[in-house]
Amino acid sequence: MSELFNIFNKLFQLMPKPFMETIYMVLLSAIFSVTFGIPLGIVTAISEEGHIWQHKKLNRILNILINITRSLPFIILMIAVFPLSKLIVGKRIGTTAAIVPLTIAAIPFVARLVEGSVKELSWGIIEAALSMGTNTRQLVFKVIIPEAFPSIISGITLTIINLISYSAMAGAIGGGGLGDLAIRFGYQGFQQDVLIATVIVLVLIVQLVQYLGNTVYKNLLR
Amino acid sequence: MIRIEGLSKSFVDKGGAVHALKEINLTIANGNIYGIIGLSGAGKSTLIRCINRLEEPTSGSIYIDGQDVTKLDNEQLNSLRRKIGMIFQHFNLLNRRSCYKNIAFPLEIAGYDKSTIDKRVDELLELVGLKDKKYSYPSQLSGGQKQRVAIARALAAKAEILLCDEATSALDPDTTKSILRLLKDINTELNITVVLITHQMEVVKEICNKVAVISEGGIVEQGNTFDIFSKPRHAVTKKFLKAEGTSPELIGIDKSKYTKLLNITFLEENAYQPIISDMVKSTNARVNIISGHISSVQGKPYGNLVIDLDGDALTIENALQYLKNNNLCFEEIDLSE
Ligand SMILES: Nc1ncnc2c1ncn2[C@@H]1O[C@H](COP(=O)(O)OP(=O)(O)OP(=O)(O)O)[C@@H](O)[C@H]1O
Ligand SMILES: [Mg+2]
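Heads up: these notes are all about the structure in this document. Along each chain, numbering runs from 1 in the same order as the chain's sequence is written. Just so you know, chain letters begin at A and ligand numbers begin at 1, following the order they were written in. For this predicted model, a pLDDT threshold of at least 70 governs which residues receive local features, and a threshold of 80 or more governs which side-chain atom pairs are given and counted, while totals over whole chains, interfaces and linings are taken from all residues. Side-chain descriptors were evaluated using all non-hydrogen atoms of the structure, hydrogens and water having been removed beforehand.

Observations regarding the overall build of chain A
1) Next: Helix and strand assignments follow DSSP, with helices taken as H or I runs no shorter than four residues and strands as E runs no shorter than two, numbered in order from the N terminus. Counting its regular elements, chain A contains 10 helices and 0 strands.
2) Next: Taken along its principal axes, the extent of the C-alpha atoms in chain A is 75 × 40 × 25 Å.
3) Next: Each residue gets one of three labels from its accessible area relative to the maximum for its type: buried under 20%, exposed over 50%, partly exposed in between, using a 1.4 Å probe on protein chains only. Within the span of chain A, comprising 222 residues, buried residues form 45% of the whole.
4) Next: Considering only contacts within chain A whose residues lie at least 6 apart along the sequence, 74% involve residues at least 24 apart.
5) Next: Carbon and sulfur atoms form 69% of the exposed surface of chain A, whose accessible area is close to 11700 Å².
6) Next: Treating the 16 positive side-chain charges of chain A as one cloud and the 10 negative ones as another, the clouds have centres 8 Å apart. Every residue pair with non-hydrogen atoms within 4.5 Å of one another is taken to be in contact. Shrake-Rupley sampling with a 1.4 Å probe provides the accessible areas, and residues are treated as covered by the protein chains on show and by no other component. By the counting rule applied here, Lys and Arg register as positive and Asp and Glu as negative, while His and the ends of each chain are not counted. Taken as the charge centre is NZ of Lys, CZ of Arg, CG of Asp or CD of Glu, depending on the residue.

Okay, structure coming up:
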């Protein structure tokens, strides 16, 4: 009995800080990547040939940029952006510094999902709006974004879940968070209980995010 | 008035060029309900979509109230489009907006203030008979109701022309009728010019006062609906009438069993007279009725009857003369075919 109490006691002392670090990393990188990823995804979608704002060159450049960033494994990207992290947050490693690679990895991910959400809109709806004399700006803000919104919400949910898993990797290079806790105590320190507890907490967070995402999505769809 | 001059449209892709429209000339006067009918792939959608430039014409001009649509820049085009409503086969409502918000959309983008929008939307909901659905979403409406919202939306910014691209093709016959009635009311009460394309004969017969038949990218026949359908000239027009059962199709019938097969067309007054019976009485010809049909275009009756005349040469001669004297149109059906 006191054995179990000891474990809980230990976890209670160990968990809160890395838990908050994870939330902090994920939340901020989600906000930044959504902020940049949504416009990027929309521009990529509408600049494609035959869409409402056809700009073939720009479209090609955006696609190349997105593809390059998407094809880099996160662990390598993390190291590659050290100089940038230093420039932006003044540090190369640490929880705040980890937000830089997380954001950079998530922007093209968000952009691709948003691009997909925009392209799957029925072309008929866009044509109907065009036939009413809607200009490009109105089309984007009054038709495309609102109509694609539920699908974009699904994309954001997926992004957050991915960021949780990436943030655990960021832990490996001094980012702190639950990943760091699992590695230091569970893997290097042979404390299985900590490892298992971390996994459970991570699973619970992912479940919660998915549940919230689904709920919002369902409420948006009518 | 819409005047289309020498309009051509070609689609070019890897497989080569498709000439969807070839040198179309067409004039649609204000206040008309103008039907454009044609088989699948004839170029109907391409034609109607050129009018508001959802499709860019390859060459030719389209004048709307004297202004050449093909020469407008984007901004001018957008303000013109506000005067031309359009409805579609699949309604194309904004799914995340209520009926109210859908109808308000063209008013919002034209920059009207909230109270004007409110008032106008209520008027339109009343017009299309959907006041109780004001706050419903498209997914909660039937097809016919969706099309009503689409019509209200198309007219919201005081459109003067309404383009209908197969607007009733996704609806059942009863709903089709009610939508057509609405279009007709809009035409008469608001004096809106309606241009509609369809592959459904009934639609044209029901509401169009003018019709053009389009085939392989060209207009093959045009004029008053009654004239076109009661005296079809082009093969495609006849095909439509046949498909409807209005025109005789004696496929699989052994014609050698007949003596003199006639296809008689009754128009208007004729359609109410017992002319055949009178002919039999006065000439003693024997009549074998093969098939018959009566129908109406815009309330005017027209019909046809296929009969076989039997008797000696003189009797038949007299019978034919009798029909001629009574102003019946008829043609002999070739027995050898
Ligand atoms: N975007 C396009 N690219 C290439 N060819 C096209 C395109 N749109 C139409 N066409 C071709 O142009 C011709 C006319 O098409 P259109 O859609 O106008 O026919 P339609 O009369 O409306 O037929 P339906 O009754 O089937 O709708 C067809 O041969 C079609 O394949
Ligand atoms: Mg069509």
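The discussion continues.
Focus on the site of ligand 1
Residue and element names in this part refer to chain B.
1) Next: The nearness test applies per residue and asks whether one of its heavy atoms lies within 4 Å of the molecule or strand. By nearness alone, every residue bordering ligand 1 is listed as Phe11, Val18, Ala20, Leu39, Ser40, Gly41, Ala42, Gly43, Lys44, Ser45, Thr46 and Glu166.
2) Next: In this structure, alanine 42 approaches ligand 1 through a main-chain N or O atom, which is 3.2 Å from an oxygen atom.
3) Next: Protein coverage of the free-state accessible area of ligand 1, which is 630 Å², stands at 60%.
4) Next: At the level of secondary structure, the elements contributing two or more residues to the shell around ligand 1 comprise β2 (16–28) and α1 (44–51).
5) Next: The dominant element in the shell around ligand 1, judged by the number of residues it contributes, is α1, at 3 residues.
6) Next: Each residue is assigned to one class: nonpolar for Ala, Val, Leu, Ile, Met, Phe, Trp, Tyr, Cys and Pro, charged for Asp, Glu, Lys and Arg, and polar for all the others, Gly among them. Here the residues of the shell around ligand 1 are counted per class, giving 5 nonpolar, 5 polar and 2 charged. Pairs of N or O atoms are called polar contacts if they sit within 3.5 Å, as long as, within protein, a hydrogen donor faces a hydrogen acceptor (for residues adjacent in sequence, only side-chain-to-side-chain pairs).

A word on the packing of helix α8 (residues 136–175) of chain A against helix α9 (residues 177–188) of chain A
All names here are of chain A.
1) Next: The contact between α8 and α9 brings their axes to 6 Å, and the two run at 70 degrees. With respect to their mutual orientation, α8 and α9 come out roughly perpendicular. Where α8 crosses over α9, the two elements pack in a sense that is right-handed. Residues Ala168, Gly171, Ala172 and Gly175 of α8 lie in contact with α9, whose contacting residues are Gly177, Gly179, Asp180 and Ile183.
2) Next: Residue composition of the contact of α8 with α9, by class: 3 nonpolar, 4 polar and 1 charged. Note on method: axes are straight lines fitted to C-alpha atoms, helices fitted across the in-contact stretch only, with angles between N-to-C directions ranging 0 to 180 degrees. Angles are sorted into four bins: roughly parallel if under 35 degrees, roughly antiparallel if over 145, roughly perpendicular if 65 to 115, and oblique for all others. Less than a right angle of anticlockwise turn of the near helix away from the far helix marks a crossing as left-handed, whereas a clockwise turn marks it as right-handed.

What about the nonpolar core?
1) Next: Take the buried residues of types Ala, Val, Leu, Ile, Met, Phe, Trp, Tyr and Cys, join any two whose side-chain atoms come within 4.5 Å, and each joined set is a nonpolar core. Counting residues in hydrophobic clusters, the biggest one holds 55 residues, and the most contacted among them are Ile4, Leu26, Ile36, Leu47 and Ile64 of chain B.
2) Next: For this core, the element with the most residues is α8 of chain A, which contributes 6 residues.
3) Next: In contact with leucine 26 of chain B, not counting residues within four places along its chain, are Ile2, Arg3, Ile4, Tyr34, Ile36, Leu47, Ala212, Ile219 and Gln222 of chain B.
4) Next: Within the second largest apolar cluster, 54 residues are counted, among which are Leu107, Leu125, Ile192 and Leu196 of chain B.

Remarks on the sheet that holds strand β14 (residues 329–332) of chain B
All names here are of chain B.
1) Next: Paired strands, in this sense, are two strands between which DSSP finds at least two bridges. The strand order β12-β13-β11-β14 describes an open sheet built from 4 strands, whose pairing is antiparallel. Pairing within the sheet leaves two strands with one partner each, and these edge strands are β12 (286–297) and β14. Pairwise comparison of adjacent strand axes, ignoring direction, gives a mean angle of 15 degrees for this sheet.
2) Next: Across 11 bridges, β12 lies against strand β13 (residues 300–310) in antiparallel orientation.

Let's talk about the side chain of serine 85 of chain A
1) Next: Position of serine 85 of chain A relative to the elements: it lies in helix α5 (residues 82–89).
2) Next: Aside from chain neighbours lying at most four places away, what touches serine 85 of chain A is Gly90, Lys91, Arg92, Ala97, Val100 and Pro101 of chain A.

Regarding the packing of aromatic side chains
Residues and elements named next belong to chain B.
1) Next: We call Phe, Tyr and Trp rings a pair once their centres come within 6.5 Å, taking the six-membered ring for Trp, and we label the pair stacked below 30 degrees between planes, edge-to-face above 60, and tilted otherwise. A full pass over the atoms with the stated rule returns 2 aromatic pairs over all chains.
2) Next: Ring geometry for tyrosine 100 and tyrosine 135: centres 6.4 Å apart, planes at 40 degrees, overall tilted. Remark: tyrosine 135 occurs in the loop between α4 (114–127) and α5 (143–155) and tyrosine 100 occurs in helix α3 (residues 99–109); sequence separation between them is 35 residues.
3) Next: Exposure remark for tyrosine 100: the relative accessible area of 10% places this residue in the buried category.
4) Next: Throughout this description, the term charge over a ring refers to an Arg CZ or Lys NZ atom that lies within 6 Å of the ring centre and within 35 degrees of the ring normal. Lying across the ring of tyrosine 63, arginine 3 places its NZ or CZ 4.6 Å from the centre.

Description of the pairing of strand β6 (residues 84–88) of chain B
All names here are of chain B.
1) Next: Burial analysis of β6 places 5 of its 5 residues in the buried class, the great majority of the element.
2) Next: In β6, alternate side chains face the same way, and those of Ile84, Met86 and Phe88 on one face and Gly85 and Ile87 on the other are all buried.
3) Next: Taken together, the 5 bridges between β6 and strand β7 (residues 161–165) define a ladder with parallel strand orientation. Looking across to β7, one finds that methionine 86 is bridged to leucine 163.

Remarks on the interface of chain B and chain A
1) Next: On the chain A side, the residues contacting the 22 residues of chain B number 20 residues.
2) Next: Looking at the side of chain B facing chain A, the largest losses of area belong to Arg96, Phe105 and Ile109 of chain B, adding up to 31% of the total buried there.
3) Next: Salt bridge, as applied in this entry: a Lys or Arg side-chain nitrogen positioned within 4 Å of an Asp or Glu carboxyl oxygen. Linking chain B with chain A are 2 salt bridges, by the criterion used here.
4) Next: Ionic pairing is found between lysine 142 of chain A and glutamate 108 of chain B, a salt bridge with its closest N-O pair at 2.5 Å. Summed over both partners, buried area is the accessible surface (1.4 Å probe) that two parts give up on being assembled.

A few points about the side chain of arginine 120 of chain B
Residue and element names in this part refer to chain B.
1) Next: One can find arginine 120 in helix α4.
2) Next: Engagement of the side chain of arginine 120 in a polar contact is seen with the side chain of glutamate 123, the distance being 2.8 Å.
3) Next: Looking at arginine 120, its side chain comes within polar contact range of the main-chain oxygen of leucine 155, at 3.2 Å.
4) Next: The residues contacting arginine 120, other than those within four sequence positions of it, are Leu107, Leu155, Ala156 and Lys158.

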